[in-house]
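The chain contents come next:
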Amino acid sequence: MKRTLFVLAFGIAVPLCAQNPNSGNGKGPEDLSGYSTSAPPMLGIHWARDFTPNGRVIEDASPSNGAKARSPLMTYHGGKIMTTAVIQSIFWGTSWGSYTGDKITGIDSFYTGHSGSNYAKTVDEYTGSNGQVGATTTFPISTITNAPVPHVIDTTVAAGGNNSSVILAEVCKMVPSPDPGGNGYYAVYSDVKRGNAGYCAWHSAGTCGGRPVQFAFFFNLDGDAGCDPVDTSGLHSQGLAALANVSAHELSEARSDPASPGAWYDASGNENGDKCAWTFGAPLVTFTNGSQWKLQGEWSNAAYTAGTGYANSSGQKGCLSGL
Ligand SMILES: [Zn+2]
């Protein structure tokens, strides 16, 4: 749902999907009333499974109401893609200081194993002004220890996700030297619960010290049925399993549609993650490090065209499970 947020962020009139997601009271479901007009747009919002904003439309190839059919394919909008990603998680909030659960080690394992996985390769068909999406990602390397640094922890009081400028400021604070190649992807895991926000996560882009960065925001999803993939494998805590699913969604979108101008999304502004949200092509997806996760699939134009994907919530067979 990037169009809607562009409208909210910049006040630009766009012809499609321009209404406020919760136009009844004039406020977005995530309460954007305090949203700065200069804040980066929140892209690829991962709406909660029980929440359907008014503006969200999955393109219907054969509308029953007689409307003119629009293609469900995503089209290219001229921007860059991420040829690779230098990924670092930022665990933000006082509770991370004494945290003893499986989320920090689990998210590190998730991003480690995501690199080079068949799941990562579901995004590789997309090209942009700077090349083609690649399946390999890395972590920043410490200049002191020469070891990868998959995450950092900030035990100051965290913010929720209603202001992208606040999250960008947190990224710039915690990542003093972002990837000079502009491929930094910084995933902010707040310990704030979702409350009545209609979304689980989002991604965006900005700059830190003049360097382009991509970043994403995630709520604490413990016990949150609206953002839960219902992983019954027993391999992870519920909260970690939920974070992994939304992390897969946001990273896939950031790789195919990282910034402004945009790259790949459909006529309603849906990115590859949005188009397959809350549909699962397999019980578990295995990553390159052997870790296994219950993850939504990702939209593939090629799979839809060939008829080889599994069906999304509109019955369009363009989702790849990443097996
Ligand atoms: Zn999304």
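Predicted model, so just to flag it, every value in this text is computed and none were measured.

Calculation criteria
- Residues numbered from 1 in each chain as written.
- Predicted model: local features only at pLDDT ≥ 70, side-chain atom pairs only at ≥ 80, totals over all residues.
- Helix = DSSP H or I, 4+ residues; strand = E, 2+ residues; numbered from the N terminus.
- Contact = placed C-beta atoms within 7 Å.
- Buried ≥ 20, exposed ≤ 12 C-beta atoms within 10 Å, placed from the backbone.
- Pairing = 2+ DSSP bridges.
- Axes fitted to C-alpha atoms, helices over the stretch in contact; angles between N-to-C directions.
- Left-handed = near helix turned anticlockwise from the far one by under 90°.
- Nonpolar A, V, L, I, M, F, W, Y, C, P; charged D, E, K, R; others polar.
- Core = buried A, V, L, I, M, F, W, Y, C linked by C-beta atoms within 7 Å.
- pLDDT = per-residue confidence, 0-100.

Caption draft 1: Structural view of the overall build of the protein chain. Secondary structure assignment for the protein chain yields five helices and 16 strands. The contacts in the protein chain between residues at least 6 apart in sequence include a share of 71% that link residues at least 24 apart.

Caption draft 2: Region of interest: the pairing of strand 8 (residues 184-193). Across the ten residues of strand 8, seven count as buried, placing the element largely inside the fold. As judged from the seven bridges shared by strand 3 (residues 85-92) and strand 8, these two strands associate in the parallel manner. Looking at the pairing, Ile-87 lines up with Tyr-185 of strand 8. Judged from the six bridges that link them, strand 8 and strand 10 (residues 211-220) form a sheet pairing that is parallel. Bridged to Val-188 within strand 10 is Phe-217.

Caption draft 3: Main features of the packing of helix 2 (residues 103-114) against helix 4 (residues 238-256). Packing of helix 2 against helix 4 leaves a shortest axis separation of 10 Å and a crossing angle of 35°. Like other packed secondary-structure pairs, helix 2 and helix 4 cross with a definite hand, here right-handed. Contact residues: helix 2 offers Lys-103, Gly-106, Ile-107, Phe-110 and His-114, while helix 4 offers Gly-239, Leu-240, Leu-243, Ala-244, Ser-247 and Leu-251. Per-class residue counts for the contact of helix 2 with helix 4 are six nonpolar, four polar and one charged.

Caption draft 4: Region of the structure containing the nonpolar core. One finds Val-171, Val-188 and Phe-218 to be the most contacted residues of the largest nonpolar core, which totals 69 residues. Per-element accounting of this core gives the leading share, nine residues, to helix 4. Discounting residues that sit within four places of it in the chain, Val-188 has contacts with Ile-90, Trp-92, Ile-167, Glu-170, Val-171, Phe-215, Ala-216, Phe-217 and Phe-218.

Caption draft 5: Focus on the pairing of strand 1 (residues 43-47). Taken across its five residues, strand 1 has five buried, putting it largely inside the fold. Pairing analysis gives three bridges linking strand 1 to strand 9 (residues 199-208), with the strands arranged antiparallel. Each residue of the ladder has a partner; that of His-46, found in strand 9, is Ala-201.

Caption draft 6: Up close: the confidence of the model for the protein chain. In this model, the protein chain carries an average pLDDT of 87, and 82% of its residues clear a pLDDT of 70 or more. Confidence drops under a pLDDT of 50 for residues 1-37, and excluding neighbours within four residues, the segment shows 83 contacts in the predicted structure.

Caption draft 7: Here's a closer look at the sheet that holds strand 16 (residues 317-320). Pairing is antiparallel in the open sheet, where three strands are placed in the order 14-16-15. Each of the sheet's edge strands pairs with one partner strand only, and the pair in question is strand 14 (298-299) and strand 15 (310-311). In the sheet, strand 15 pairs with strand 16 via two bridges, with the strands oriented antiparallel. By the bridge assignment for strand 16, Ala-311 is matched with Lys-317.

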